[in-house]
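# Structural description and commentary
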Amino acid sequence: MTLSGKVRMARLTDLAALGELSRLAQTDAARSLGLPVAGPRIGVFSLFRLPLGAFQPNDLLYVYELDRRISGLLRVERESHRDEWTVVELDAIGQADAGDIRFRLVQHLLRDGAKRGAVRFHVACADADGNVELFMQAGFARYGEEQILFREPARALPEAWSDDRAASCAIRPVASLDALALARLYAAVTPQPVQRLEAYRLPDWERQGAGWRVPRSSLTPILRFADIEAFVQDQQAGASDATGLSAFIQIAVAKEDQPHYLKILALPDSDVGPLVEYGLGVIAARTGNRGEAQHGVISAVRTYESPIDRRLEEAGFEVESSVTLLLKEALVRVAEPALVPAVG
């Protein structure tokens, strides 16, 4: 089916229509990425909405327009440090041609990204409404699955730990000097094919604070709306592993109307139960509200990171959904250079 509309960059005059389109994309009459879970409680419109303050100068928003009517949008966040683009939202309305509209938007994104020097394109989506098939048709590779776990707002948060208690469990704030140990921890728990695709570098682990986006998850885009902290758990004396760390936790305390966030990396034989409790206590301390987390707490766990998901469930989290991780590399990998005989 040939569509007569056009894809273009969004304008300020489009914002009202885009907000409505983002909301409508959660209904049965539309196609959406379905991220991070379905339903109005923590749906795309509530997590990844479109306030002007959330956009940065290097972000992009494409729209599909037909007869002066916007019926599709694609929102991209660009990481300036790594030249990577993340598709945050891809919506289209219209039962008959929503799939074709979304494919047109993705194709335009890839062409524009190639012109602007994008290295990788990331997307995470629910395996529904043809999402995965659409991106694989556009050349994306499916490389992982994540479970989304959610802790209800009504559940009381544990008390914040004292410094002495944290020290007794070898938990401390992360420092720039931990970059090498963090890279080794990541390498110890992540399959080689995933490491090759994500291609983290040592400076990525050194970069802390508001710009910290590793380790990546399907929920990474919400970090823009949060204050980010990170902590590590040192290995006990005599441990056989050479990483120096047994676990890492990234905590994002929400500044907007969204859940708080936890992300954990840990060696397979590590008990992360105390680290989860510590992270929830940090959220309680930062929000000044131990009674409840106003919008709940959300976390993402990849299938190969088990049993972290079970420790989260023991702390009151429940599995809400699962999402698929896809990636497309814009650069062509070549063999290592070698010397050849001179001719002439």
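Structure: see above.
These remarks concern the structure in this document. Since this is a predicted model, take the numbers as computed values, not measurements.

Conventions used here
- Residues numbered from 1 in each chain as written.
- Predicted model: local features only at pLDDT ≥ 70, side-chain atom pairs only at ≥ 80, totals over all residues.
- Heavy atoms only, no water.
- Helix = DSSP H or I, 4+ residues; strand = E, 2+ residues; numbered from the N terminus.
- Buried < 20%, exposed > 50% of the residue type's maximum accessible area, 1.4 Å probe, protein only.
- Contact = heavy atoms within 4.5 Å.
- Areas by Shrake-Rupley, 256 points an atom, 1.4 Å probe, with all protein chains shown as cover.
- 1 Å grid on protein atoms, 1.4 Å probe; cavity = no way out; pocket = protein on both sides within 12 Å on 5 of 7 lines; lining within 4 Å.
- Points joined across faces, edges and corners; volume = space filled by probe spheres on them.
- Nonpolar A, V, L, I, M, F, W, Y, C, P; charged D, E, K, R; others polar.
- Salt bridge = Lys/Arg side-chain N within 4 Å of Asp/Glu carboxyl O.
- Pairing = 2+ DSSP bridges.
- Core = buried A, V, L, I, M, F, W, Y, C linked by side-chain atoms within 4.5 Å.
- Phe/Tyr/Trp six-rings, centres within 6.5 Å; stacked < 30°, edge-to-face > 60°.
- Lys NZ or Arg CZ within 6 Å of the ring centre and 35° of its normal.

The next thing to look at is the overall build of the protein. On a plain count of helices and strands, the protein comes out with ten helices and 13 strands. Relative to its 344 residues, the protein shows a buried fraction of 53%. Sequence-distant contacts, at least 24 apart, represent 72% of the contacts inside the protein between residues at least 6 apart. Counting every atom, the protein has about 15,700 Å² of accessible surface; 52% of that belongs to carbon and sulfur.

Using a probe with the size of a water molecule, rolled over the atoms, empty space left in the structure can be pinpointed. With the rule as written, the count across this model stands at two cavities of 30 Å³ or more. A volume near 50 Å³ is recorded for the second largest cavity. Tyr-186, Thr-190, Glu-198, Tyr-200, Pro-215, Arg-216, Lys-263, Leu-265, Arg-302, Tyr-304 and Glu-305 are the residues that line the second largest cavity. Partitioning the lining of the second largest cavity into residue classes produces five nonpolar, one polar and five charged.

In this fold, Glu-329 is placed in strand E13 (residues 317–329). On the basis of relative accessible area, Glu-329 is assigned to the partly exposed category, the value being 25%. With 210 residues separating them in the primary sequence, Glu-329 and Val-119 have C-alpha atoms 6.1 Å apart. What Glu-329 contacts, discounting residues up to four positions off in sequence, is Val-119, Arg-120, Arg-196 and Leu-197.

A separate point is the side chain of Glu-77. Positionally, Glu-77 belongs in strand E4 (residues 69–79). Using a relative accessible area of 9% as the deciding quantity, one classes Glu-77 as buried.

Glancing now at the pattern of salt bridges. By the definition in use, this model includes 18 salt bridges. One network of salt bridges, with partners in common, ties together Glu-84, Arg-120 and Arg-216.

Where strand E6 (residues 120–125) lies against E13, six bridges are found, and the strand directions are antiparallel. Along E13, the bridge assignment pairs Val-123 with Leu-326. Note: strand E7 (residues 141–151) against E13, ten bridges, orientation antiparallel. Bridge pairing links Gly-144 to Leu-325 in E13.

What follows concerns the nonpolar core. Most often, soluble globular proteins have nonpolar side chains that are buried together. Within the largest apolar cluster, 27 residues are counted, with the highest numbers of intra-cluster contacts made by Tyr-62, Leu-74, Leu-90, Val-106, Phe-135 and Phe-140. Those elements giving two or more residues to this core turn out to be strand E3 (60–66), E4, strand E5 (84–93), helix H3 (98–116), E6 and helix H4 (131–137). Per-element tally for this core: the top contributor is H3, with six residues. If sequence neighbours within four positions are ignored, Leu-74 has contacts with Leu-60, Leu-61, Tyr-62, Val-87, Glu-89, Leu-90, Leu-105, Val-106 and Leu-109.

Moving on, we come to the packing of aromatic side chains. Applying the stated rule across the entire model yields seven aromatic pairs. Aromatic side chains Tyr-186 and Trp-205 sit 5.7 Å apart centroid to centroid with 50 degrees between the ring planes, which places their arrangement in the tilted category. A residue pair is termed long-range when its members are at least 10 positions apart, and Tyr-186 in helix H6 (residues 179–189) and Trp-205 in helix H8 (residues 202–206) qualify at 19 residues. For the pair Tyr-186 and Trp-205, one class covers both residues: buried. Both rings, one in Phe-231 and one in Tyr-278, keep their centres 5.1 Å apart while their planes meet at 80 degrees; by these two values the pair is edge-to-face. With Phe-231 in strand E9 (residues 226–234) and Tyr-278 in helix H9 (residues 273–287), this pair connects stretches of sequence that are 47 residues apart. The exposure class assigned to Tyr-278 is buried, which follows from its relative accessible area of 11%. An aromatic cluster is present here, built from Trp-161, Phe-231 and Tyr-278 joined pairwise through their rings. Its end group placed over the ring of Trp-161, Arg-165 keeps NZ or CZ at 3.9 Å from the ring centre.

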